[in-house]
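Below, each chain spelled out in residue letters.
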Amino acid sequence: MSFQSLEFLYFFLGFIAVYLALLKWRRIQNLWLLAASYFFYAFWDWHFLVVIVGMTGVNYLVGRALDWNENERLSASSIRRALLGIGLFSNFGTLIFFKYLDFFKGGLLRLFEATGLPVDAILVNVIAPIGISFYALQASSYLLDVFNRRIQAARNLLDLALFIAFFPQLLSGPIERAGRLLPQFQKPRRITAGMFSAGIYLVLSGFFKKMVVADNLAKIANLVFNNYQDYAGPDIAIGVLAFTGQLFADFSAYSDIARGLAYLLGIELMVNFRLPYFAASPGEFWQRWHISLSEWLRDYIFYPLRKALLRWKGQPDNWLALLLPPLGTMLVSGLWHGTGWNFLVWGLYHGILLVLYQVWIKEKPVGLVDPSESNRGGAININWIHARRILGTGIRILAMFFLVCFGWLIFRVQTWDQFWSMLTSFSLIPTPNSAALWADLVLFSLPLVGVQLLQQWRGDLLILARLPALPRVLLYAAALALIVVLGVRETSEFIYVQF
Amino acid sequence: MLRLKIPQETLPEAGWWRVPVDLLGSLVLLVCLNFFTIWYLGNFTTNFGYWTIYQKWDLLANMDESVDWLILGDSSCNQGVMPSVFYNDLGERAVNLCTIGNLGVVNELWMLEEYIDRFGPPGNVVIVHVYDVWHRDIDPVLFGQVPRPWGFWHQHSLGQYIFGEQTVRDQAFLERFIPLYSQTRAITTNLQMAAMLQDNPFKANWHIQPDGFLVATEPHPEVVVNGARDHIQFTSENGFQISKLNDLAMQEIVELADSYRINVYLVNSPVYEGLYADPTYQDYLYGVQAKLAGFAIYSQFVYHIEAVHTFPADLMQNPDHLIQPGAEIYTHWLVEQIRLLRESN
């Protein structure tokens, strides 16, 4: 049941009517929300329920055990570590089994053949439960936070089940933290008009991004990437730019819809994207792109790894502590996306960018402007310095955007030959296809670029929801009309749902 | 280094009044826009089929007196048969209500039925189709574009049969009432042309005379020659068989002709001489002629004009669509054929 489907519309309208009627009865309302979440998940394949319910049960039990301070034996450090290990093994084991089974399938089949065990059916027919990459990380963060005593374990199984299965964000995040989301399920819902208005805006924005921008840009990107041998010159760059726009529009659309639906239910989910293509450095990019995953990786891989290395080596600027955390973290990020070599190289590429940037700012900590310049005095000079700073930032943003695009080229290609072929056939000499491809790229990117420039300028992601009534309603009607007229009808699944 | 501020998200201050304003306001505007689109596409669309169906049914609705000749058929007839020539040659009034081939003979049947309801049976009906229309399954969804009250097909023969399925009715509903959804290509083309200042978006792309004749002026010889190649490929790969709905609709027309004593003339459309000369075309046409002759054979009032008038490419827009000088020649020829037929009977 995709967000864009009519089934989802009927499902959500029916669900929210009852949900709002149950506002005074939190427990029943939570039960209704959980039933709806499981129904939503089972609609894809009821077998998936077994996995999510099993994972919820294990995490609940391990969480409670980790939090059992009264029992001295259980609160001992080694026991707690063992319990955490069991919980994490269960979560990551499930994730790895389903997600990376394909990768290991060949070897496993040979092994089973050799031993004569009849397990072919399991190996051949198993499919990864949708969204497992997201809720496995979310469940693991819960255990880690309970283990580190950042939060208390959930007393009520229903609350934890909701934390793991909350349907708006179940398939593609944002990957929430228990410290933020669990308390919202534990207290009565308070839905304000501001939340409802923001919810309407985000849902509309999400559908616009997905159906008008992402799916139309996908046509250009697919054309170029799937027939790369037929394209050359600037068409390659247009294809890469289209994919760059598509990926952002598609993934942020899912986040917008998920967050918008959550607002309508009185739940606040974290912001997952903050205009990532305005980033001026690799570090800033990860503060703006898929923030929930970036923060997860930062808190549970980057920081612990760096801390461990610093403890081991002592020096804060030792090269291992400089190199390993970003490279290791980004490799895991690549691996999280899949086992394809391109994801690993993409992760490594971003890791290298982070390392190089760290080295570079160590060399030149103040940035592009020499501080002595500001001592020369005079208004003209100050304006000149300001202009140079703005120009410098603009150049950095463009350079970072170029680097990110290059990363998406690695991310999108299927083979090394394709990567090399696309890279070497790029030039600035237009082909007969260039004008039409460019026109489509501009047409479908323009609304997104315009809105983002406004959002960045005002520093406000909800700037359009804050417009006065008349322009706001006109804008909403125009967005709806464009969705109906230009929106791609064939339901295409969100890209990140497959991860 | 100047670093851009990372934008934040803070909820808007809002009262509850805002929610219905946002939801209902935008929906009302969308509905208004949709109604504007219905009117706009009926008059200025780039979708020739949509425009033709709308205009011709509108013409039928606005006729205030009966005519001697009802000219029905597809787009080759629309721009090929001039009612004014009927008046000049026979002194009898005619109206051209031809639309497009994908509506098939069902459209002719329904127009004839509506005409009979309003004015009584016409004296004469001419039906002109391109040879490759007879085999086509009609697209019932296109009837959604007919500007008549919803469900108008219930009053017509075969209406229940054609619109029996809910999905067909749903699609026709979208076609009729939600052009924002169903006519996206035409809307996009209109928007693109307006955005690039290529054309006045409030100028009709085609012109229909008050008697229903569509005036085409520019010949496209290269399209004619290339189109003929496609036709030859079609005729070399297919044998003729009339589609079920066209067959049923023709039988209904034959019954009407016999019941009301209406003279119905089944006529071959004009054709490019290069296409007519092709043997595979001749083979295919032979099947069509035999079928049409079959309709005429059991009726006193249905006539089949077997002759074919061919044209050079410079009088045509494609292998079966004429420009105005060609239409004049074709209509004179057609009137002459009818006169000969009348004399022989």
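Residues numbered from 1 in each chain as written. Chains lettered and ligands numbered in written order. Predicted model: local features only at pLDDT ≥ 70, side-chain atom pairs only at ≥ 80, totals over all residues. Heavy atoms only, no water.

A. Seen up close, the overall build of chain B. For chain B, the count of helices and strands is 14 helices and nine strands. Dimensions of chain B, computed from C-alpha atoms along their principal axes, come out at roughly 95 × 50 × 40 Å. Expressed as a percentage of the 345 residues in chain B, the buried residues total 52%. Partitioning the contacts of chain B with sequence separation of at least 6, the portion at a separation of at least 24 is 82%. Summing over all exposed atoms, chain B offers an accessible surface of approximately 15,600 Å²; the carbon and sulfur share of this is 54%. (Helix = DSSP H or I, 4+ residues; strand = E, 2+ residues; numbered from the N terminus. Buried < 20%, exposed > 50% of the residue type's maximum accessible area, 1.4 Å probe, protein only. Contact = heavy atoms within 4.5 Å. Areas by Shrake-Rupley, 256 points an atom, 1.4 Å probe, with all protein chains shown as cover.)

B. A look at the overall build of chain A. When helices and strands are tallied, chain A shows 20 helices and zero strands. By the burial criterion, 56% of the 499 residues in chain A qualify as buried. Relative to all contacts within chain A whose residues are 6 or more apart in sequence, the contacts with residues 24 or more apart total 76%. Roughly 22,600 Å² of accessible area belongs to chain A as shown, and the carbon and sulfur atoms make up 68% of that amount.

C. Representation of the nonpolar core in the model. Core analysis: the largest hydrophobic core is formed by 155 residues, its most contacted members being Phe12(A), Tyr142(A), Trp289(A) and Trp408(A). Considering each element in turn, this core owes the most residues, 19 residues, to helix H11 (residues 193-226) of chain A. Membership of the second largest hydrophobic core comes to 91 residues, among which are Met63(B), Phe311(B), Leu322(B) and Ile338(B). (Core = buried A, V, L, I, M, F, W, Y, C linked by side-chain atoms within 4.5 Å.)

D. Spatial organisation of the interface of chain B and chain A. The interface of chain B with chain A comprises 31 residues on the first partner and 45 residues on the second. Across the chain B/chain A interface, buried area totals approximately 3,600 Å², and carbon plus sulfur atoms make up 66% of it. Seen at the junction of chain B and chain A, the total is two salt bridges. A salt bridge links Arg259(A) to Glu9(B); the nearest nitrogen and oxygen atoms lie 2.5 Å apart. Joining chain B to chain A, the criterion identifies 11 residue pairs in polar contact (both at pLDDT 80 or more). For the side of chain B that touches chain A, the secondary structure elements donating two or more residues are helix H1 (18-44), helix H8 (179-182) and helix H9 (184-195) of chain B. Take the side of chain B that touches chain A: its biggest share by element is 11 residues, from H1(B). Partitioned by chemical class, the residues of the side of chain B that touches chain A number 19 nonpolar, seven polar and five charged. (Buried area = accessible area lost by both parts, 1.4 Å probe. Salt bridge = Lys/Arg side-chain N within 4 Å of Asp/Glu carboxyl O. Polar contact = N/O pair within 3.5 Å; in protein donor to acceptor, adjacent residues only side chain to side chain. Nonpolar A, V, L, I, M, F, W, Y, C, P; charged D, E, K, R; others polar.)

E. Quick look at the pairing of strand S1 (residues 69-73) of chain B. Residues and elements named next belong to chain B. Among the five residues that make up S1, five are buried, leaving the element largely enclosed by the rest of the structure. Pairing between S1 and strand S2 (residues 94-96): three bridges, direction parallel. Each bridged residue has a counterpart across the sheet, and for Ile71 the counterpart in S2 is Asn96. (Pairing = 2+ DSSP bridges.)

F. Local environment of unusual backbone geometry. For Leu275(A), which is not a glycine, the phi torsion comes out positive at approximately 50 degrees. Structurally, the position occupied by Leu275(A) is in the loop between helix H12 (234-264) and helix H13 (282-288).

G. Just the packing of H11(A) against helix H19 (residues 434-458) of chain A, in detail. Residues and elements named next belong to chain A. The contact between H11 and H19 brings their axes to 10 Å, and the two run at 150 degrees. The orientation of H11 relative to H19 falls into the category roughly antiparallel. You can see that H11 and H19 cross each other, and the crossing is left-handed. Contact residues: Tyr201, Phe208, Lys209, Val212, Val213, Asn216, Leu217, Ile220, Leu223 and Val224 in H11; Leu437, Asp440, Leu441, Phe444, Ser445, Pro447, Leu448 and Gln455 in H19. Considering only residue class, the contact of H11 with H19 consists of 13 nonpolar, three polar and two charged. (Axes fitted to C-alpha atoms, helices over the stretch in contact; angles between N-to-C directions. Parallel < 35°, antiparallel > 145°, perpendicular 65-115°, else oblique. Left-handed = near helix turned anticlockwise from the far one by under 90°.)

H. Summary view of the pattern of salt bridges. All names here are of chain A. Under the counting rule described, the total for this entry stands at 19 salt bridges over all chains. One salt bridge connects Asp145 with Arg150, and the closest N-O pair in it is separated by 2.8 Å. For Asp145, a relative accessible area of 5% translates into the label buried. In this structure, Glu176 engages Arg180 in a salt bridge whose closest nitrogen and oxygen atoms are separated by 3.1 Å. Among the residues examined, Arg180 registers a relative accessible area of 35% and is labelled partly exposed. Here the residues in one salt-bridge network are Arg177, Arg298 and Asp299, joined through shared partners.

I. Spotlight on the packing of helix H3 (residues 47-66) of chain A against helix H5 (residues 77-99) of chain A. Residue and element names in this part refer to chain A. Between H3 and H5, whose axes approach to 9 Å, the crossing angle comes to 165 degrees. Between H3 and H5, the angle falls in the class roughly antiparallel. Seen from above, H3 lies across H5 with left-handed handedness. Contacts from Val51, Met55, Val58, Asn59, Val62, Ala65 and Leu66 of H3 reach H5 at Arg80, Leu83, Leu84, Gly87, Ser90, Asn91, Thr94 and Phe98. Looking at the contact of H3 with H5 residue by residue, the classes come out as nine nonpolar, five polar and one charged.

J. Region of the structure containing H12(A). Residue and element names in this part refer to chain A. The end-to-end C-alpha separation of H12 is 44 Å, in line with the 45 Å expected for 31 residues at 1.5 Å each. Of all 31 residues that make up H12, 29 are buried, and the element is covered over most of its length. Backbone geometry just downstream of H12 places Gly266 in the positive-phi region, at approximately 85 degrees. (Expected span 1.5 Å × (residues − 1).)

K. Expanded view of the pairing of strand S6 (residues 302-305) of chain B. Residue and element names in this part refer to chain B. Where burial is concerned, the two faces of S6 agree: the one with Val302 and His304 and the one with Tyr303 and Ile305 are both buried. Pairing analysis gives four bridges linking strand S4 (residues 263-268) to S6, with the strands arranged parallel. Along S6, the bridge assignment pairs Val264 with Val302.

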